[in-house]
Every structure is written in structure tokens, then in C-alpha cells.
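Listed here are the chains, written in short residue letters.
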Amino acid sequence: MSAVTQTVSNFLGGISTQTDQKKIEGQLTEALNAYPDPTFGMLKRNGTRFIRTLNKADGTQFTDVELENASWFFVQRDSFESYFGCIKDKNIYVWNAVTGVFCTVTNSGASYLDVGVPPATYHFRSVQDTTIITNRSKAPELEPDPTGYAPGKVGEVVLKVVEYSANYTITINGTDYTYKTRNADEFEPGNTDTKLNADEVLTGLKNAISSVVTVDQYSTSLCLTSGTAFTLDGKGGVNNQAIQTFQDTVTDIAKLPPESNDQRYVEVVNSSGNDDNYWLRFVAETKEWKESRSPKASSGFVASTMPHALSSVEENVFTFGPINWRNREAGNSITNPPPSIFPYDETTKTYVSPGNFINATFFYNNRFGMLSEDNVILSQSNDPYNFFYRSALTRTDSDPIDINAASVRPVELFDVLPDAQGLLIFSKRQQFLLYATSTNLLTPKTAILRSVSNYEMDSSIAPVDIGSTVGFLSKVPAYTRAFSLQTRGLEENPIVLDLSKVVSEYLPNSISELISSPQNSFIALASRETNDIYIYRYYNNGQKDLFQAWTRWSMPGKVQGIEIVNDMMLVITEQMNQYSLGVISINDIPLNSKFSANQNIEMANPLLDLATKPTSVTYDSDSNLTTFTVDYTPLDYKQATLLITLPTTQTFGNINDLAAFNVGTYSDSDDTGYWSYLDTGAGNTFTLKGDWTGYSNRMVIGYNYVFDMELPTFYYNRAEDTTAYDFTASLTIARAHFACGKSGVLTFKLKSAGSEEWVDIQAVSDANYYRAGTNPIQSEQQFTVPINQRNMNFSLKLTSDHPYPVSINSMMWEGNYSPRYYKRT
């Protein structure tokens, strides 16, 4: 039997559900409330600073039932102005993410919202000051075709030639009305009469027919109108070509008079069929004929059934209502059809309304886009809410793009993400890439949509951008899987990795939230049914991932929504019949920030959940109790903790100053020295024996949470690449040495094989000192844990439920190894 020692260089492998024989170096059986960092090791996560409970306009708190199954969303306007909100039934609520203030929302779009629908019913897309909200269960509608227009009620008489001694005849409903012009010889030298002109002829014709129809006279034409339809014909002059008439259509634009009634509609009928006909409308203000929509065609969308906009008016003030969608300005349903949201019925030769559901919206390449069924529809370029052609005559590069995701399998597109190669578009079982051929300009002619991969996705959770890759989820009845997708080129298949393979069956199938933080190289998953957040973090040095780790965070309540803003994780939790907003600072745990001018004092963040400064501190001398009031209801399943600072003239004014909070040693009620447990009082209060009012400006209240890091079974590794564990040999572990970074109190627990009870074991720490009256925290520490057991007979974990940081760097174990004299080959 040989005495051996081996080192585990780090614990950045995170959780692995593989058997211990297959775990690689640094992987763990469990990592609770841990945060892997390539610089500082495996850390205890930072605490949740309480910002505010979610209140109504009158200051009362929302109860769990009032916001149950609400659809949550986040809005980030800039670095200093962020909001979060939710939709519940017909109401939309918004709060300031920094201050927690309840915002004013003018809701004029309640009819677009539904009662009792699941949270995934709504899709959110935020751009600058506007968030587009799409109700996936609301079928969009087209405005009905106008019924006021009736053909044959308007006619035009156009004078082409003025001739003397000629008959000009207008035939209305088969009856002729004739005006004869005067003779030319009536003019004599010196006669002051004017020559025959168009005005004289048109006036004569107008007088002849004014008893039958209403007549408006212009320089070269008459416009005839009637309350009922009539027929119109005309002839005049020597060759009967002096006048021309038409009513609703012309075959040549040259036949139109230069003037007519305002808003007079005429259809120009071309010879090749209805596909190239177009309509013109006379605009009296500018005296011109403009291409126009057919008076018989729908104007466009019913705005109340289309996606709505939540717009920021000013700080903490919003409006919610229909979008001002652009109407169809030219053509009809043949020459300028609606987008493919509305399918075409070959039987009725009409577009079906209500149409297909809209699943998502997006902005891309100066266009606003929508996904519906298997169609990708993009608006006019630089005209985001216009989905119709500008002209029925020609097609331009700026026209809308409407493209179908052709596939051999059913496709229902539900979300998009921009990519260096183009636009990634996702369906439940297939992924597509939209890009432009041979040019960077995306136009109706250059747009290509092709399939790039075939993976099942959960359509209720939007994929996220993880920097250079895309993350998405796939669910099976028992658990959830997380994938990353990285495109490589227009003609190359993407690289798709199963990120959760190492934790197979660990992520529950109730996951409802997925967010990412590319700058911190991690994604976070959460379930509304539990208190857990699952973190996947990696570190890439430019060539390969140096580590990939899964950990689990336990929040003080059920997680309703999470978001990362400027390295701060905003967390909305539901507990004790109320909702609260908290923030976790991702990267300030290991920093040696200073709360005091004395640079010899090591400072630390208070690692507490629901950490807050008391709103009031009062002392009752009769009972010798100090009462602390906070803004949330105390948890009934945990005991709160009070921390106080050093006795100094420096105080902190708000919870944001806790980034460098230091803990004092003052406690009259117990002997823990650095923090004290509180008793829950009436309402939103805690109590503690003694008079603590002197520290009211230097205290924080919150809840301890447990850091757990359970190690796998120790095996002797016979290869440098840590892949040749000898799990058949006899191995006795004598002791384990742990090298820690900035850490406070650590507890080591041992569990015997076959037992469910963890037993504390006393670790031996190197002799050292820390300054009296400050945290018992060292920048570097080493612990030796005595074990003296067979490797298969115990489980070991590190734990800490104290409000101090923990940083685990590496471990070295010592023991006796016997290969049982087997011959190795």
C-alpha cells in the first residue's frame, strides 16, 4: 500500500449528474448558491438586496393571487433607466427597476388583452422607448371592404375640340341632351363678342343636363354626379370626336381631364387583365391625379387586433394602445395584397379575415417584422408599420418582404435573433436563416430563407443571444435541455452543442425563464414553480472553453422573472403573499472594497437575501426589546439576521451603499459576535433584546442562505489528463487540504455511506489573525479536514450559512492506495 496525494486544481466544473467514476476533475455532485469565477474560484453568490415590494398606485401591495400567472417583461431604455412590468388579465403594470416605483400607464388597449391566458401568450420586443406587445391568441383582422362606393354614380365629360355650328350631345340613361354651338359668320369687324371657347360649350352642355344630374364645371370638362347609377355616352363635332365620356374606368391615363371633383376615383384598365389595373384619385388641393387605393378595397388592418405598443412618455409614465399601422395607399387585394398573415381563399377569391395568429415581432435591417405560421413578413424599409406596396404599378427594393419557410415538415415560426450571417428564425422543430444573396441589401428579390438545423425547441421560451452563440431550450416530459447554436457561414451547417448534457435530467421541465449575460459568459434558467435559478457559466480564452459549469441558486421566494442589467441581476420573487424586487450584483463579491479609510481593514459584502436597511428602529425599555421595521413581510420559515457596522461616524443612506458593508462585533443578546438572529414581531417587524437604536444608521437586516459544495467520491487518477480513475483499487483517504481565497466561516460535513445525516467535522485552519472588530475574513486561508475513511464509505461537502464570502480555489487529498496487485495493461 502506497501513500499517495493528488490535487484538484479547481472546482470550476460545476454540477455533474454523471456517476462519480466519469466525472472529470473539478466537477461536483451539487453546487448550491455557488458562482464559478476563473479568477477567484468557486464563490458563494452575492446576496439579494431588497429594493421594494410591488405596490399598486395607492401604495397597497399586490397579493400572490392578483399577479398569479402574470406575463412578466423587462424594458431597458438606457444605463440608468430600466423598467419591468407584467400583464395580468386586462391590465398592464410597470415598475421602475431601479427604485421600484409604480409607474403610470394609460391603458387604451385593454381589448387586446385576454383574461386567464398563460404567461407565454404574450411576446415582447423592446426597441428604445417602445415595447411591442403581441398577443399570440388574438387573430388579426382586416378592415372590411367599403360599402359606400357604388359604380355608375359619377361620370366625366371631357371636351376635346371646340367647333362652330356643331352639335354636342350627352346621352344619359338613353336620353340625348344636345347643345348646338353658334355660327362662325356671326362675327363682324369691330364686334366685341368673344370667340367660341370651351367655357361656352361646357356651359351650354351643363345647362342642358343640370336638371338630370349634378354638374361641376371645370376648364375642359364636366363632372356629373347622381344619387343613383346612370349610363353615360357622348358625341360632338363634325366627326363626333369632339367630346369623350367615361364613368369609373379609363383605358388610357391620357383620357383623364386635368381637373375633376376632389377625391374622384378612376380605375385605369390595362389590356393584360386585372393584375395590372390601378386606381387614381384626384386631389383638388394640388390639382393632380394620384395613385390610390381602390374605393372598393379594405384600407388595411384593424389596429385593435394587431400588436400594440407600450411607449415611454417620460420617466415613470407610459401609454399602451394600438399602433398607428399604415393603410393601403394603392391598388386593391389583387395588385397590392395584404401580408400572408391573411390566407387567400381560392373559392371566394378573397383574403380570409380574421387571419393567422402573429407569434412574434422584431426589427431587422430597417424593417419591422412579424412571424405568422410559417411566414416571415417584413415591412417597407424605413417605414416600420407599413406592410403594403407603395404603388400597384411598380415594385421597388424598399417594398415589403413576405417569404415562406418551405419545409417537408410542419413549421410554425415563433421567434428570431440577429446573427452575423443574417437573421436566425426559430420554429418548434427547425431553425432557419434569412439573408440576402450576393449583396448586403435585403430586398424582396434578394431575400433567401433556408433551413440550417433541425432541433426541437420550446416555443414558450425565447432563445437568447450569448455573445457569438445563441442559447435555446428543449423540453421532454421529465426535464429540460439547454443548447447553444453557432453559425459558421451561409453554406455551412451551424455547430449545435447540448450544454446540459453533463447535468442530464437535472433541469426540471417547469423552466419558464431564460436570460443571458454575454459579458459575464453565462445563462440563467428559472422556474415560476420553485425558488431555484440554474446558472450555466463558461470561460473561453479565444480558442476553447477553459471551463463549463452548472450551479443552482436558491432564492427567498418563487422566481417570477429575472433579467441582467449592467452586471446586476434583477429578480422578482413571490413569497409571503407578496411580490418583491431584488437585485444581485454579479461581480462585486470578491472585490476588496473599503468602507473605511483604514486600508488595513478587510471589508466584505453582506451575503444576505432580502437585505435591507430598517425603515425604523425603536426601543421599549419595559420589555428591553428593540423593534426593527422593514418594507416586506418576514418569512415564516426562516430566522432573520441583523448586521451592524463598526462604530464610526460614517453611515450609509440606502441599500446601494452595502457594496462595502462591514460587520461589527456588537451583540448583547447572543455570543455569535458578528451577527445576531432576530425574532419575528407583529406585521413587518423583527425584535431583539437590548437597545440597538444607536446603530440605526449602520445596520442591515436580511436572511442567511446556505452555500453548499458537495464533492464526488475520491478516486486515484493514474493519468495526467484526469481520465483514468482507478475505481477498483483500495483507497483510504487520510485528510483533505482546501486552499481558499477570501473566505469567512466554512463548515465541513461528512456523511457515511447508507446514512442520510451529515455530521460536522472540525477543520484545522492555519494559525493567523484578523483585526479586532472586523470580519473574520482572510484573503487566503487553508483548511485541513481529517477523514481517515475508505473513499467509498463517505461523502464530503463544504457549507456556509454565515453572511460572509466564500472562495474555494483547490484541494489536495492524501491517502493510502493499493491496486490489489492487479496487472495493468
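In this report, we go over the structure that sits alongside the text. All figures in this text were calculated on a predicted structure; none of them were measured in a lab.

**Considering the overall build of the chain**
Assigned secondary structure in the chain consists of one helix and 65 strands. Relative to its full complement of 825 residues, the chain shows a buried share of 52%. The contacts in the chain between residues at least 6 apart in sequence include a share of 62% that link residues at least 24 apart. With the model as given, the accessible surface of the chain reaches about 36,300 Å², and the carbon-plus-sulfur share is 46%.

**A look at the sheet that holds strand β32 (residues 401-404)**
Ordered by their spatial adjacency, four strands build an open sheet running β29-β30-β31-β32, and the pairing between neighbours is antiparallel. A strand with exactly one partner marks an edge of an open sheet, and here the two such strands are β29 (360-364) and β32. If you compare each strand with its neighbour and ignore which way they point, the axes differ by 20 degrees on average. Relative to strand β30 (residues 367-372), β29 runs antiparallel, the two being bridged by five bridges. Directly across from Phe 363, in β30, lies its bridge partner Phe 368.

**Remarks on the sheet that holds strand β24 (residues 288-292)**
Overall, mixed pairing links the four strands, which are arranged β21-β22-β23-β24 in an open sheet. Looking at which strands have only one partner, the edges of the open sheet turn out to be β21 (249-250) and β24. Bridge analysis of strand β23 (residues 278-283) against β24 gives five bridges, and the strand direction is antiparallel. The partner of Arg 281 across the bridge, within β24, is Lys 290.

**Points about the environment of Asn 69**
Along the polypeptide, Asn 69 turns up in the loop between β7 (49-53) and β8 (71-78). The spacing of Asn 69 and Pro 118 is 49 residues in sequence and 6.5 Å in space, taken between C-alpha atoms. Look past the residues within four positions of Asn 69 in its chain and what remains in contact with it is Val 117, Pro 119 and Arg 528.

**Side note on the environment of Ile 787**
In this fold, Ile 787 is placed in strand β63 (residues 781-790). Separated by 28 residues in sequence, Ile 787 and Gly 815 place their C-alpha atoms 9.6 Å apart. Beyond its immediate stretch of four places on either side in the chain, Ile 787 contacts Ile 733, Ala 734, Arg 735, Ala 736, Phe 794 and Leu 796.

**A short note on the pattern of salt bridges**
Pairs can form between side chains of opposite charge once their charged atoms are near each other. The full count for this structure, using the stated rule, is 23 salt bridges. Residue Arg 45 pairs with Asp 609 through a salt bridge whose shortest N-O separation is 2.8 Å. Taken together, the residues Arg 45 in the loop between β6 (41-44) and β7 and Asp 609 in strand β48 (residues 609-612) connect sequence positions 564 residues apart. Of the two residues, Arg 45 and Asp 609, both sit in the buried class. Each of Glu 30, Asp 532 and Arg 552 takes part in salt bridges that share partners, so that together they form one network.

**A closer look at the pairing of strand β26 (residues 317-322)**
Judged from the four bridges that link them, strand β11 (residues 104-107) and β26 form a sheet pairing that is parallel. Bridge pairing in β26 places Val 105 opposite Phe 318. Of the pairings in the sheet, the one linking strand β25 (residues 308-314) to β26 comprises six bridges and is antiparallel in character. Bridged to Leu 310 within β26 is Phe 320. Between β25 and β26, which pair antiparallel one after the other, the connecting turn spans two residues, and Asn 316 there sits at a positive phi close to 70 degrees.

**A short note on the packing of aromatic side chains**
With the rule as written, the count across this model stands at 41 aromatic pairs. Judged by centre distance (5.4 Å) and plane angle (70 degrees), the ring pair of Trp 325 and Tyr 385 falls under edge-to-face. Of this pair, Trp 325 sits in the loop between β26 and β27 (344-345) while Tyr 385 sits in the loop between β31 (375-378) and β32; the two residues are 60 residues apart in sequence, bridging distant segments of the chain. This pair shows no difference in class: Trp 325 is buried, exactly as Tyr 385 is. Through successive ring pairs, a cluster of aromatic residues spans Phe 62, Trp 72, Phe 74, Phe 84, Tyr 93, Trp 95, Phe 102 and Tyr 579. Its guanidinium or amino end placed over the ring of Tyr 705, Arg 45 lies 4.0 Å from that ring's centre, counting from NZ or CZ.

**A look at the side chain of Ser 585**
Positionally, Ser 585 belongs in strand β47 (residues 578-585). The residues touching Ser 585, leaving out its near neighbours within four places in the chain, are Asn 46, Arg 49, Asp 567 and Met 568.

**Thoughts on the nonpolar core**
Of all hydrophobic cores here, the largest spans 50 residues; its most connected members are Phe 11, Trp 550, Leu 711, Phe 738, Leu 796 and Ile 808. Ignoring anything within four residues of it in the chain, the contact list for Phe 738 reads Phe 11, Leu 711, Phe 748, Gln 781, Gln 782, Phe 783, Val 785, Leu 796, Leu 798, Ser 810 and Met 811.

**Some details on helix α1 (residues 198-209)**
Turn by turn, an α-helix covers 3.6 residues, leaving residues three or four places apart pointing in a common direction. Taking 1.5 Å of rise per residue, the 12 residues of α1 would be expected to cover 16 Å, and the 17 Å separating its terminal C-alpha atoms lies within 8% of that figure. Against the buried residues of α1 lie β14 (154-159), β15 (167-172), β16 (175-180), β17 (214-217) and β18 (221-225). If you check the start of α1, you find a side-chain oxygen 3.3 Å away from the backbone N of Asp 199, and it comes from Asn 197.

**Details of the side chain of Asn 359**
Structurally, the position occupied by Asn 359 is in the loop between β28 (350-351) and β29. Here Glu 412 takes part through its side chain, which lies 3.5 Å from a polar atom of the side chain of Asn 359. A polar contact is formed between the side chain of Asn 359 and the backbone oxygen of Leu 413, at a distance of 2.8 Å. Excluding its chain neighbours within four sequence positions, the residues that come into contact with Asn 359 are His 123, Arg 136, Leu 371, Glu 373, Glu 412, Leu 413 and Phe 414.

**Some points on unusual backbone geometry**
Negative phi characterises most residues that are not glycine, and trans characterises most peptide bonds. Looking along the chain, the bond that leaves Ser 353 and enters Pro 354 is cis, with omega of 5 degrees. Positionally, Pro 354 belongs in the loop between β28 and β29. A positive phi angle, near 60 degrees, is found at Asn 382, a position not held by glycine. As for its position among the elements, Asn 382 is in the loop between β31 and β32.

**What to know about the pairing of strand β36 (residues 447-453)**
Look at any regular strand and the pattern is simple: side chains alternate between the two faces of the sheet. Burial runs high along β36: five of the seven residues are buried. Sheet topology places strand β35 (residues 431-436) next to β36; six bridges connect them, and they run antiparallel. From the neighbouring strand, Ala 436 faces β36, where its bridge partner is Ala 447.

The rules behind each value
- Residues numbered from 1 in each chain as written.
- Predicted model: local features only at pLDDT ≥ 70, side-chain atom pairs only at ≥ 80, totals over all residues.
- Heavy atoms only, no water.
- Helix = DSSP H or I, 4+ residues; strand = E, 2+ residues; numbered from the N terminus.
- Buried < 20%, exposed > 50% of the residue type's maximum accessible area, 1.4 Å probe, protein only.
- Contact = heavy atoms within 4.5 Å.
- Areas by Shrake-Rupley, 256 points an atom, 1.4 Å probe, with all protein chains shown as cover.
- Pairing = 2+ DSSP bridges.
- Axes fitted to C-alpha atoms, helices over the stretch in contact; angles between N-to-C directions.
- Salt bridge = Lys/Arg side-chain N within 4 Å of Asp/Glu carboxyl O.
- Phe/Tyr/Trp six-rings, centres within 6.5 Å; stacked < 30°, edge-to-face > 60°.
- Lys NZ or Arg CZ within 6 Å of the ring centre and 35° of its normal.
- Core = buried A, V, L, I, M, F, W, Y, C linked by side-chain atoms within 4.5 Å.
- Expected span 1.5 Å × (residues − 1).
- Polar contact = N/O pair within 3.5 Å; in protein donor to acceptor, adjacent residues only side chain to side chain.

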